[in-house]
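# Observations on the model geometry
Next come the chains, spelled out residue by residue.
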Amino acid sequence: MGVLKIGVLASGRGTNLQAIIDAARDGRLQARVVVVISDKEQAYALQRAAKAGIPHFFINPGAYPSKDSYERVIVDILRQHEVELVCLAGYMRIVGPVMLETFPNQMMNIHPSLLPSFPGLHAQRQAVEYGVRFSGCTVHFVDEGVDTGPIILQAVVPVQQDDDEESLAARILEQEHRIYIEAIRLFQEGRLMVEGRRVIIN
Ligand code: GRF
């Protein structure tokens, strides 16, 4: 098993990206982040990539006539960098067929709830407002839906009485950073097998 080449797509601050970069750097992962792509020019994730000396690109979706043509550009960049696993890390777009067909079961996402509860935006706020006692986070393979793909790993996080969106998000984020690394490690070791909706860990 060689060093896994990872491409990360991010739209925001990029703490999950940083966690992956750090784990790859300090040897917890046999992997290297070879490229970072963002749909937001101001995404701090791009600065993190720059600081780490990782090639990074802002691709403006508004500059393309369709999702397909935008995603073809992304796929070209990922291919040029020989990416073997795509990690979505706070990437705020629904992935279309061009990317899905290029990277079948080679694309992961992290979501801040115990899916299938609270998919979509503001998952932590949804959890607080619903009044659940436990929430958490989920790493899953990406399919055509919103946060619907086969689940790889989950971590449970208690919701406290006085939690608001921010405090719960912070507690969940610590676990995100941990299980995203763990899921990538399982992938790198060739231990994940997708059977329908289920991911078997060998
Ligand atoms: C995380 O909560 C992740 O689960 C969600 O978006 C947020 C991204 O945070 N998909 P960061 O940019 O990795 O700090």
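Below or above, wherever it landed, is the structure these notes cover. The shown structure was predicted, so the numbers you read here are calculated from the model rather than taken from an experiment. (Residues numbered from 1 in each chain as written. Predicted model: local features only at pLDDT ≥ 70, side-chain atom pairs only at ≥ 80, totals over all residues. Heavy atoms only, no water.)

## Overview of helix 5 (residues 123-130)
At 3.6 residues per turn, the α-helix brings residues three or four places apart onto the same side. Put simply, the test is: Exposure classes here rest on a 1.4 Å probe applied to the protein chains alone. A residue is buried below 20% of its type maximum, exposed above 50%, and partly exposed in between. Numbering of helices and strands runs from the N terminus, with a helix taken as a DSSP run of H or I at least four residues long and a strand as a DSSP run of E at least two residues long. To be clear, the arc concerns the directions from the helix axis to the C-beta atoms. Two residues form a contact once any of their heavy atoms are found within 4.5 Å.
Every buried residue of helix 5 is accounted for by Ala123, Gln124 and Ala127. An end-on view of helix 5 places all buried positions within 100° of arc, on one side of the element. Against the buried residues of helix 5 lie strand 5 (107-111), strand 6 (134-141) and helix 6 (165-188). Trailing helix 5 by a residue or two, Gly131 shows a phi angle of about 90°, which is positive.

## Some points on the nonpolar core
This is how it is decided: Residues grouped as a nonpolar core are buried Ala, Val, Leu, Ile, Met, Phe, Trp, Tyr and Cys residues, joined through side-chain atoms within 4.5 Å. Bear in mind that the domain bounds are from an automatic or database domain assignment.
If you look at the biggest cluster of nonpolar residues, it comprises 45 residues, and the most contacted ones within it are Ile20, Met108, Ile152, Tyr180 and Ile184. The element best represented in this core is helix 6, accounting for nine residues. Counting only domains with at least three residues in this core, you end up with domain 1 (1-103) and domain 2 (109-202). With 21 residues, the next largest nonpolar core counts Leu9, Val86, Leu100 and Phe103 among its residues.

## Quick word on the layout of surface pockets
Defined as follows: Using a 1 Å grid laid over the protein atoms alone, points where a 1.4 Å probe fits but cannot get out form a cavity; open sets with protein on both sides within 12 Å along at least 5 of 7 lines form a pocket; any residue with an atom within 4 Å of a point counts as lining. Grid points are joined across faces, edges and corners, and a volume is the space filled by probe spheres set on the points. The nonpolar class holds Ala, Val, Leu, Ile, Met, Phe, Trp, Tyr, Cys and Pro. Asp, Glu, Lys and Arg form the charged class, and all remaining residues, Gly among them, are polar.
Here the largest pocket is characterised by a volume of approximately 840 Å³. Along the walls of the largest pocket sit 36 residues, with Gly90, Tyr91, Met92, Ile110 and Pro112 positioned nearest its centre. The set of elements that each furnish at least two residues to the lining of the largest pocket consists of helix 1 (15-25), strand 5, helix 5 and helix 6. Element by element, the count of residues in the lining of the largest pocket is highest for helix 6, at four residues. Residues that form the lining of the largest pocket fall into these classes: 15 nonpolar, 15 polar and six charged. A domain-level breakdown of the lining of the largest pocket finds at least three residues from each of domain 1 (1-103) and domain 2 (109-202).

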